[in-house]
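Examination of the molecular architecture
The lines below spell out each chain.
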Amino acid sequence: MRYFIELSYNGDVYHGWQKQPNAISVQEVLEKGLTTLLKEPISTMGAGRTDAGVHAMQLYAHFNTEVNFELDVIIYKLNALLPKDIAVNNIFKVKKDAHARFDAISRTYLYRIALRKNVFNYEQAYYLKPKIDVERLNRATKILFNYKDFQCFSKSNTDVKTYHCDIMKAEWVIIDGELRFTIQADRFLRNMVRAIVGTLINIGIGKIEVEELHTIIQSKNRSNAGFSVPAHALYLTEVAYPKNFFLK
């Protein structure tokens, strides 16, 4: 049988989601937990890859097993076994060809910017000292919808077949003294959200003009875009699948 596992994690101490030879990852820790409980080697496939230090409020991964188990029992035992910064929220039985990565229709990210120093959120939000013009931010954000090719925001030397992404939503709101950026797309390139936010910040503080964003995107050159904002304030908040995707 194939199962989807829904999890959340604080990415502070992890080198991203994906397993790597010389660094600890969320995937590695999760697979060790599943392997221990099910008493057979378990490998997982995630819906996407988060960078080092990035958090996930919701991420899905799939795995296969012939072992029979009660869903509620395995969720409880897995949460007891996993460290406190990784939580399993649910496990779903799915069709045998369901794929956590390829069947996802959108991903949504949130970036949190603290507009004033706050001793209670410095580990969760990026404290921005310069005053930022939210109206300029929103004007620049609308420009993103005019494009599909976002190579200028991709980490250099990334091995991908295409730099095309379909952005469905991008907006800024102010909540509880924080400026929060939400962006939804069918897919994201490596470092893309952090580079977009850094570029928009440069526009919001007046370092570059709003209309220059057209030139930056059209250049397809990462060096023309802005800085990458710190990872600790970035959250993968939702991975969406087609309606009725999960079996009852």
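Everything below is about the structure printed above this text.
A brief look at the structure comes next. Everything numeric here is computed off the predicted structure, so don't read it as measured data.

**Re the pairing of strand 7 (residues 167-175)**
As paired strands, strand 7 and strand 8 (residues 178-185) are joined by eight bridges and run antiparallel to one another. The partner of Lys 169 across the bridge, within strand 8, is Gln 184.

**So, the side chain of Thr 182**
Here Thr 182 is to be found in strand 8. When its relative accessible area of 17% is taken as the criterion, Thr 182 is described as buried. Ignoring sequence-local partners within four residues, the contact set of Thr 182 consists of Thr 108, Tyr 109, Leu 110, Lys 169, Ala 170 and Glu 171.

**Remarks on the nonpolar core**
Core analysis: the biggest nonpolar cluster contains 79 residues, and Phe 150 and Phe 153 have the highest contact counts within it. The element contributing the most residues to this core is helix 4 (residues 192-204), with eight residues. Those residues in contact with Phe 153, other than ones at most four positions away along the chain, are Leu 144, Arg 190, Asn 191, Met 192, Ala 195, Ile 196, Thr 199, Leu 213, Ile 217, Arg 222 and Ala 225.

**Re a positive patch on the surface**
On the surface, a cluster of positive charge is contributed by Arg 49, Arg 101, Lys 155 and Arg 190. Overall, Arg 190 belongs to the partly exposed group, its relative accessible area being 37%.

**Description of the side chain of Gln 27**
In this fold, Gln 27 is placed in helix 1 (residues 26-38). A distance of 2.9 Å separates the side chain of Gln 27 from the backbone oxygen of Thr 44, its partner in a polar contact. With near-sequence residues (within four places) excluded, Gln 27 lies in contact with Trp 17, Gln 18, Lys 19 and Thr 44.

**Overview of helix 2 (residues 71-81)**
Along helix 2, the positions that sit buried rather than exposed are Ile 74, Ile 75 and Leu 78. Down the axis of helix 2, the buried side of the element spans an arc of 100 degrees, and every buried residue falls inside it. Turned more than 90 degrees away from the buried face of helix 2, the exposed residues are Asp 72, Tyr 76 and Ala 80. Contacts from the buried residues of helix 2 go to strand 1 (2-9), helix 1 and strand 4 (86-94).

**Some remarks on the packing of aromatic side chains**
Going through the model one piece at a time under the given rule, you end up with nine aromatic pairs. For the ring pair Tyr 3 and Phe 69, a centre distance of 4.8 Å and an interplane angle of 40 degrees mean the geometry is tilted. In this pair, Tyr 3 is assigned in strand 1 and Phe 69 in the loop between strand 3 (55-64) and helix 2, connecting sequence segments 66 residues apart. Phe 69 shares its class with Tyr 3; the two are buried. Measuring from ring centre to ring centre gives 5.1 Å for Tyr 109 and Phe 188, while their planes differ by 85 degrees; the resulting arrangement is edge-to-face.

**A few points about the environment of Asp 186**
Turning to its location among the elements, Asp 186 is positioned in the loop between strand 8 and helix 4. In the structure, Asp 186 is positioned 20 residues away from Asp 166 in sequence and 5.6 Å away in space, judged by C-alpha atoms. Leave out the neighbours within four places in its chain, and Asp 186 touches Ile 105, Ser 106, Arg 107, Cys 165, Asp 166 and Met 168. Polar contacts involving the side chain of Asp 186 include one to the main-chain amide nitrogen of Asp 166, which spans 2.7 Å.

Rules and cut-offs
Residues numbered from 1 in each chain as written. Predicted model: local features only at pLDDT ≥ 70, side-chain atom pairs only at ≥ 80, totals over all residues. Heavy atoms only, no water. Pairing = 2+ DSSP bridges. Helix = DSSP H or I, 4+ residues; strand = E, 2+ residues; numbered from the N terminus. Buried < 20%, exposed > 50% of the residue type's maximum accessible area, 1.4 Å probe, protein only. Contact = heavy atoms within 4.5 Å. Core = buried A, V, L, I, M, F, W, Y, C linked by side-chain atoms within 4.5 Å. Patch = residues over 30% accessible without salt bridge, like charges linked within 9 Å, V, L, I, M, F, W, Y side chains within 5 Å. Areas by Shrake-Rupley, 256 points an atom, 1.4 Å probe, with all protein chains shown as cover. Salt bridge = Lys/Arg side-chain N within 4 Å of Asp/Glu carboxyl O. Lys, Arg positive; Asp, Glu negative; His and termini not counted. Charge placed at Lys NZ, Arg CZ, Asp CG, Glu CD. Polar contact = N/O pair within 3.5 Å; in protein donor to acceptor, adjacent residues only side chain to side chain. Arc of directions from axis to C-beta. Phe/Tyr/Trp six-rings, centres within 6.5 Å; stacked < 30°, edge-to-face > 60°.

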